[in-house]
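So you can see what is in the structure, the chains are spelled out below.
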Amino acid sequence: MSVKTPLEKDIERLEKNRKPISLFILIILLSLSLIAVGGYTAKLKQELSEKEQEIVLTKERTEKEKNVLLSEVKALEKERDSLKTEVNVLTGKLDKLSKDKSSRTTTKTKKRSK
């Protein structure tokens, strides 16, 4: 066995102490990095959930607007159909009146010519 001098003993002690201190600093830095990444991840998750809520609200509003517009379109189609019916009825009456009028004028002209 070799006998160690006090200087060698001090050097060995310092080397043993340096390694744990450097490892301790490394562990602290890694822990801080993980905390920072975790905080950033949490922030991103929160933003993502907010965006998803916005998307859901937008879809609901769009669906409601779509339903309102569909009901308006149906109402307008019914109104159009009723107006078409009225136009057809009025057109039929006009045709009838014009035929009656033309037959009356034809009859009057025939009577005058006699």
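### Overview of the overall build of the protein chain
Move 1: Each helix and strand counted, the protein chain has one helix and zero strands in total.
Move 2: With 114 residues in all, the protein chain has 0% of them scored as buried.
Move 3: Surface summary for the protein chain: the accessible area is close to 11200 Å², and the carbon and sulfur share equals 63%.

### A word on the pattern of salt bridges
Move 1: Applying the stated criterion to the full structure yields four salt bridges.
Move 2: Between K4 and E12 there is a salt bridge whose closest N-O contact spans 2.6 Å.
Move 3: For K4, a relative accessible area of 35% puts it in the partly exposed group.
Move 4: Given the relative accessible area of 31%, E12 is considered partly exposed.
Move 5: In this structure, K66 engages E63 in a salt bridge whose closest nitrogen and oxygen atoms are separated by 4.0 Å. Placement of both K66 and E63 in helix α1 (residues 6–113) is noted, with a separation of three residues, approximately one turn of the helix.
Move 6: Overall, the relative accessible area of 40% leaves E63 in the partly exposed class.

### Quick word on a nonpolar patch on the surface
Move 1: Together, I21, F24, I25, I28, L29, L32 and I35 give the surface a local cluster of nonpolar side chains, amounting to about 700 Å² of exposed area.
Move 2: Within the secondary structure layout, I21 lies in helix α1.

Procedures and definitions
- Residues numbered from 1 in each chain as written.
- Predicted model: local features only at pLDDT ≥ 70, side-chain atom pairs only at ≥ 80, totals over all residues.
- Heavy atoms only, no water.
- Helix = DSSP H or I, 4+ residues; strand = E, 2+ residues; numbered from the N terminus.
- Buried < 20%, exposed > 50% of the residue type's maximum accessible area, 1.4 Å probe, protein only.
- Areas by Shrake-Rupley, 256 points an atom, 1.4 Å probe, with all protein chains shown as cover.
- Salt bridge = Lys/Arg side-chain N within 4 Å of Asp/Glu carboxyl O.
- Patch = residues over 30% accessible without salt bridge, like charges linked within 9 Å, V, L, I, M, F, W, Y side chains within 5 Å.

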